[in-house]
Amino acid sequence: MDWTWTDAGGVMRVEHHFEGGIGRPYRTEGDAVTFDLAEGGGVMHVRISGYGAPLRITLLVGGKQENMLMGQGLIVSRDGYHYEPVALEKEADGRLSVVMDDPGEALWAATRYPYGASALAGLAMHVAGGHAAGVRLLRKDRRTVPVFEFGHDDGHKMVHYFIGGEDAWETAGCITADAMARLLASNGTPACEMLDHSVIRVIPLLSAYSASQPGSSYTTMEGESIYGAATWGDLDPPPEYSLVRDEITGLIKAKRLGLMLTLHSWQGGNPNSVIETIRSAGHRRLEGHRREWAATVLETLIRGVPKGHAEFPEKIWHPGLARDYLLAEYGAITFRAEVTTHGQGRKGFYETARVFLANVTKVADWKPVCP
Ligand SMILES: [Zn+2]
């Protein structure tokens, strides 16, 4: 497909220069618009206006995108803030469409629930002055990582982490982390009772910069789209990873790391929300007490999570991910969750946040995280 990103000259307008806006090649024909997502990762977030009703939106998709989008739907909004999924229909292989009978005056359409820098700013305003709350800004090379911190760090307490947005477009994880910060700030979760003896840090979006770019995971300082989550073991990881890795490894050396849960999303590619850690990495293998502890923690954390499912595989599926690096190098047990967008939207993400936080309080001892 050799369409260019250009206004086709018709009445319909397609715009993407807003926060989190990401365009794709498209063409318009009457009250129909077709976007080409088949190349380059498939992230799209546009505003469409100047059409009549009904409005037909067609997506040309490739590979796994079709399965993911059929499970999730197209994410639409009439105000650019409140997004809901609408089901897509498969017209042919690689060709999905939806007809909006009542599209309103303008429609925002996205392939993932938008979450970017303005969402972080909104969260900072909400959390400011909240229960036991603070916000820190990690900075390196003009990239920033806002850390929402709950409880007073006296230099000795156990520290728990929830980290969203390692893959910038996996925003169901970001929205889950955002909801966790709101629950903690409003004293609306039993996890607040842990704050006397521990600190909870929430990073809803690891690289806000990457969330504004077409790449699905991470955009480097050179502008390359890479799989950022797999850079934990790099000699010199990209700035945001380097900043967070320093915090985590410092806490492991001090034997102060509690739960570290990265929050991802396969979007609609899998109907389950999955929590997982691994049994072995490098020359390390979890045995005996720590292995039993990890299995119990997986079951405890996922209990009651909508569509929740636990996995405990032998090895990592891709080298260089946090739990592979941190187990191989430091012997630390860390966890990852995939929050599904299959058949659930914001309500499901909020419930996932609520249940995960409540379940953290049911783990009596976090000391087995560090060897
Ligand atoms: Zn991911």
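Residues numbered from 1 in each chain as written. Predicted model: local features only at pLDDT ≥ 70, side-chain atom pairs only at ≥ 80, totals over all residues.

**A look at the environment of Arg323**
The criterion, for reference: Comment: elements are numbered from the N terminus, with helices defined as DSSP H or I runs of at least four residues and strands as E runs of at least two. Residues are defined as contacting one another if the C-beta atoms placed from their backbone atoms lie within 7 Å.
Mapped onto the elements of the fold, Arg323 is located in helix α7 (residues 322–330). Taking the C-alpha atoms as reference, Arg323 lies 6.8 Å from Ile333; in sequence the two are 10 residues apart. In contact with Arg323, other than residues within four places in its own chain, are Thr277, Ile278, Ile316, Thr334, Phe335 and Arg336.

**Examining helix α5 (residues 239–253)**
Spelled out, the test is: How far a helix is expected to stretch is found by multiplying one less than its residue total by 1.5 Å. Three classes are used. A residue is buried when 20 or more other C-beta atoms lie within 10 Å of its own, exposed when 12 or fewer do, and partly exposed in between, with C-beta atoms placed from the backbone.
For α5, spanning 15 residues, the distance from its first C-alpha to its last is 21 Å, which sits close to the expected 21 Å at 1.5 Å a residue. Every buried residue belonging to α5 is among Pro239, Glu240, Tyr241, Leu243, Val244, Ile248, Leu251 and Ile252, and all of these are buried. Buried residues along α5 sit against β11 (133–140), β12 (143–150), β13 (158–164), β14 (198–203), β17 (257–264) and α7. Immediately beyond the C-terminal end of α5, within one or two residues, lies Lys255, with a positive phi of roughly 55°.

**Details of the environment of Leu137**
Relative to the assigned elements, Leu137 resides in strand β11. For the pair Leu137 and Asp365, spaced 228 residues apart in sequence, the C-alpha to C-alpha distance is 29 Å. In contact with Leu137, other than residues within four places in its own chain, are Thr144 and Pro146.

**Things to note about the sheet that holds strand β9 (residues 95–100)**
Filter applied, for reference: Whether two strands pair depends on DSSP finding at least two bridges between them. Helix axes are fitted to C-alpha atoms over the stretch in contact, other axes to C-alpha atoms as well, and angles between N-to-C directions run from 0 to 180 degrees.
Overall, mixed pairing links the 5 strands, which are arranged β2-β3-β5-β9-β8 in an open sheet. For this open sheet the edge positions go to β2 (26–29) and β8 (89–92), each flanked by a neighbour on one side alone. Strand-to-strand, the axes of this sheet are offset by a mean angle of 25°, without reference to chain direction. For β8 and β9, the ladder comprises 3 bridges, and the chain directions are antiparallel.

**Structural notes on the pairing of strand β5 (residues 55–60)**
Taking burial as the measure, the 6 residues of β5 include 5 buried ones, the bulk of the element. In this sheet, β5 lies alongside strand β3 (residues 32–36) in parallel orientation, the contact comprising 5 bridges. Bridge pairing in β5 links Asp36 to Leu60. In this structure, β5 lies alongside β9, joined through 6 bridges in antiparallel fashion. Each bridged residue has a counterpart across the sheet, and for Ile57 the counterpart in β9 is Val98.

**A closer look at unusual backbone geometry**
Across the junction of Ala53 and Pro54, the peptide omega takes the value -5°, indicating a cis bond. Among the secondary structure elements, Pro54 is positioned in the loop between β4 (45–49) and β5. A positive phi angle, near 50°, is found at Ala132, a position not held by glycine. Here Ala132 lies in the loop between α2 (117–127) and β11.

**Regarding the packing of α2 against helix α3 (residues 171–185)**
Defined as follows: Here the angle decides the label: under 35 degrees means roughly parallel, over 145 means roughly antiparallel, 65 to 115 means roughly perpendicular, and every other value means oblique. Residues are grouped as follows: nonpolar covers Ala, Val, Leu, Ile, Met, Phe, Trp, Tyr, Cys and Pro; charged covers Asp, Glu, Lys and Arg; every other residue, Gly included, is treated as polar.
At a minimum axis distance of 10 Å, the contact between α2 and α3 shows a crossing angle of 10°. Taken together, the axes of α2 and α3 are roughly parallel relative to one another. Within the contact between the two elements, α2 uses Ala119, Leu123, His126 and Val127 and α3 uses Asp178, Ala181, Arg182 and Ala185. Counted by class, the contact of α2 with α3 contains 5 nonpolar, 1 polar and 2 charged residues.

**Focus: the sheet that holds strand β1 (residues 13–15)**
Pairing within the open sheet is antiparallel, and its 5 strands lie in the order β1-β4-β10-β6-β7. At either margin of the open sheet sits one strand with a lone partner, and together these are β1 and β7 (84–86). Averaged over neighbouring strand pairs, the angle between their axes works out to 35° when direction is ignored. Bridge count between β1 and β4: 3 bridges; the pairing is antiparallel. Bridge pairing in β4 places Glu15 opposite Arg47.

**Side note on the domain arrangement of the protein chain**
For clarity, the threshold we go by: Per the annotation, domain bounds derive from an automatic or database assignment of domains.
Along its sequence, the protein chain is organised into domain 1 (13–110) and domain 2 (117–369). Here domain 1 and domain 2 have C-alpha centroids that lie 30 Å from each other. Elements supplying a minimum of two residues to the side of domain 1 that touches domain 2: α1 (65–72) and β7. Grouping the amino acids of the side of domain 1 that touches domain 2 by side-chain chemistry returns 5 nonpolar, 6 polar and 3 charged.

**Quick look at the nonpolar core**
What counts is decided by this rule: Buried Ala, Val, Leu, Ile, Met, Phe, Trp, Tyr and Cys residues whose C-beta atoms connect them within 7 Å together make up a nonpolar core.
Within the largest apolar cluster, 113 residues are counted, with the highest numbers of intra-cluster contacts made by Ala109, Met180, Ala181, Leu184 and Leu257. Here this core gets 10 residues from one element, more than from any other, and that element is α3. Mapped onto the domain boundaries, this core takes at least three residues apiece from domain 1 (13–110) and domain 2 (117–369). Excluding anything up to four places from it in sequence, Leu257 contacts Val159, Ile248, Leu251, Ile252, Ala332, Val369 and Cys370.

**Considering the environment of Leu286**
Counting through the fold element by element, Leu286 comes out in the loop between β20 (284–285) and α6 (288–302). A C-alpha to C-alpha distance of 8.8 Å links Leu286 and Ile333, two positions 47 residues apart in sequence.

**With respect to the packing of α3 against helix α8 (residues 346–360)**
For the record, the criterion: What makes a crossing left-handed is the near helix being turned counterclockwise from the far one by less than a right angle; a clockwise turn instead makes it right-handed.
Close contact between α3 and α8 brings their axes to 8 Å; oriented N to C, the two are set at 55°. As judged from the angle between their axes, α3 and α8 are oblique. α8 is crossed by α3, and the crossing has right-handed handedness. Seen from α3, the contacting residues are Ala172, Ile175, Thr176, Ala179, Met180 and Leu183; seen from α8, they are Arg346, Phe349, Tyr350, Thr352, Ala353, Arg354 and Leu357. Of the residues that constitute the contact of α3 with α8, the class distribution is 9 nonpolar, 2 polar and 2 charged.

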